[in-house]
Amino acid sequence: MVRGQAVSEMTIAGLAHAGGVGVETVRYYQRRGLLETPARGGATGHGSAVRRYGPEDVRRLRFIRAAQAAGFTLEQIAALIALDATDDRARARALAQEQIAALDAKIAELQAARRSLAQLAEACSMGSAGPCPILTAFDHPQSSRDGLTHAAARQPVG
């Protein structure tokens, strides 16, 4: 909650602050249909009407941020939001299981990259003749996602 403002009368800046994001992020989520854009309320001291946000908007914004932290895409988050209205637990569970599988694949990929980099670091510390394998591993045309693994496999360790 923003000091001096009740949650039910927050401006977009107050909502953004409560959700730990910038105002432009709130607007982006509104354009994507993840957050509602409330109608403009009464006039301010400057003569223009402002939009007011309440506790449900804060809850939704925090939900979006938490779902992103769990690795869900904005499209998947939109699907979860739609499921919230229907209470389709089976579909929500399926989306979560799909995300778990994607995270497991990413973890395996990162673990393989870590092993490869550890092998390269070990080979570089051995003081063998020639350039450090770490530097040459990234100089190969196949230094894509799996290029590091291939370069590490070419390096003798121990």
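Before going into details, it helps to say that this report is about the structure given with it.

The rules behind each value
- Residues numbered from 1 in each chain as written.
- Predicted model: local features only at pLDDT ≥ 70, side-chain atom pairs only at ≥ 80, totals over all residues.
- Heavy atoms only, no water.
- Helix = DSSP H or I, 4+ residues; strand = E, 2+ residues; numbered from the N terminus.
- Buried < 20%, exposed > 50% of the residue type's maximum accessible area, 1.4 Å probe, protein only.
- Contact = heavy atoms within 4.5 Å.
- Areas by Shrake-Rupley, 256 points an atom, 1.4 Å probe, with all protein chains shown as cover.
- Polar contact = N/O pair within 3.5 Å; in protein donor to acceptor, adjacent residues only side chain to side chain.
- Core = buried A, V, L, I, M, F, W, Y, C linked by side-chain atoms within 4.5 Å.
- Phe/Tyr/Trp six-rings, centres within 6.5 Å; stacked < 30°, edge-to-face > 60°.
- Salt bridge = Lys/Arg side-chain N within 4 Å of Asp/Glu carboxyl O.

Notes on the overall build of the chain
And then number 1: In terms of regular secondary structure, the chain is built from seven helices and two strands.
And then number 2: Element order for the chain, N to C, with α for helix and β for strand: α-α-β-β-α-α-α-α-α.
And then number 3: By the burial criterion, 27% of the 158 residues in the chain qualify as buried.
And then number 4: Here the contacts in the chain between residues at least 6 apart in sequence split such that 51% fall between residues at least 24 apart.
And then number 5: When the accessible surface of the chain is totalled, it reaches about 10,200 Å², and 55% of it is carbon and sulfur.

A closer look at the side chain of Gln76
And then number 1: Of note, Gln76 is situated in helix α4 (residues 74-86).
And then number 2: A distance of 2.8 Å separates the side chain of Gln76 from the backbone nitrogen of Thr73, its partner in a polar contact.
And then number 3: Excluding anything up to four places from it in sequence, Gln76 contacts Gly71, Leu95 and Gln99.

A look at the nonpolar core
Most often, soluble globular proteins have nonpolar side chains that are buried together.
And then number 1: Core analysis: the biggest nonpolar cluster contains 22 residues, and Val26, Tyr29, Leu34, Leu61, Ile64 and Ile77 have the highest contact counts within it.
And then number 2: Listing elements by their share of this core, those giving two or more residues are α1 (12-19), α2 (23-31), α3 (55-69) and α4.
And then number 3: Tallying contributions element by element places α4 first for this core, with five residues.
And then number 4: Each residue touching Ile77, except ones within four places of it in the same chain, is listed here: Leu34, Phe63, Ile64, Ala67, Gln68 and Phe72.

Observations concerning the packing of aromatic side chains
And then number 1: What the rule picks out here adds up to one aromatic pair.
And then number 2: Relative to Tyr29, the ring of Tyr28 lies with its centre 6.3 Å away and its plane at 50°, an arrangement referred to as tilted.
And then number 3: Judged by its relative accessible area of 3%, Tyr29 is buried.

Comments concerning α1
And then number 1: Of all eight residues making up α1, six are buried, and the element is well covered by its neighbours.
And then number 2: Taken as a whole, α1 has its buried residues at Ile12, Gly14, Leu15, Ala16, Ala18 and Gly19.
And then number 3: Buried residues in α1 make contact with α2, β2 (49-51) and α3.
And then number 4: Just beyond α1, the residue with positive phi is Gly20, at close to 70°.

What to know about the pattern of salt bridges
Should the charged atoms of two oppositely charged side chains come close, the side chains can pair.
And then number 1: Applying the stated criterion to the full structure yields seven salt bridges.
And then number 2: We note a salt bridge from Arg27 to Glu24, for which the minimum N-O separation is 2.8 Å. You can see Arg27 and its partner Glu24 sitting in helix α2, three residues apart, about one turn around the helix.
And then number 3: Here Glu109 ties to Lys106 by a salt bridge, and the two come within 3.7 Å at their closest N and O atoms. With Glu109 and Lys106 both in helix α5 (residues 89-125) and three residues apart, the pair spans about one turn of that helix.
And then number 4: Taking relative accessible area as the criterion, Lys106 reaches 45% and is therefore assigned partly exposed.
And then number 5: Each member of the salt-bridge network shares a partner with another, and the members are Glu56, Arg59 and Asp84.

Here we look at unusual backbone geometry
And then number 1: The backbone of Asp87 shows a phi angle near 60°, a positive value even though the residue is not glycine.
And then number 2: Overall, Asp87 belongs to the exposed group, its relative accessible area being 54%.

A look at the environment of Tyr29
And then number 1: Mapped onto the secondary structure, Tyr29 falls in helix α2.
And then number 2: For the pair Tyr29 and Leu61, spaced 32 residues apart in sequence, the C-alpha separation works out to 8.6 Å.
And then number 3: Residue contacts for Tyr29: discarding those within four places in its chain leaves Leu34, Leu35, Leu61, Ile64, Arg65, Gln68 and Leu74.
And then number 4: A polar contact of 3.4 Å, which involves the side chain of Tyr29, links it to the side chain of Arg65.

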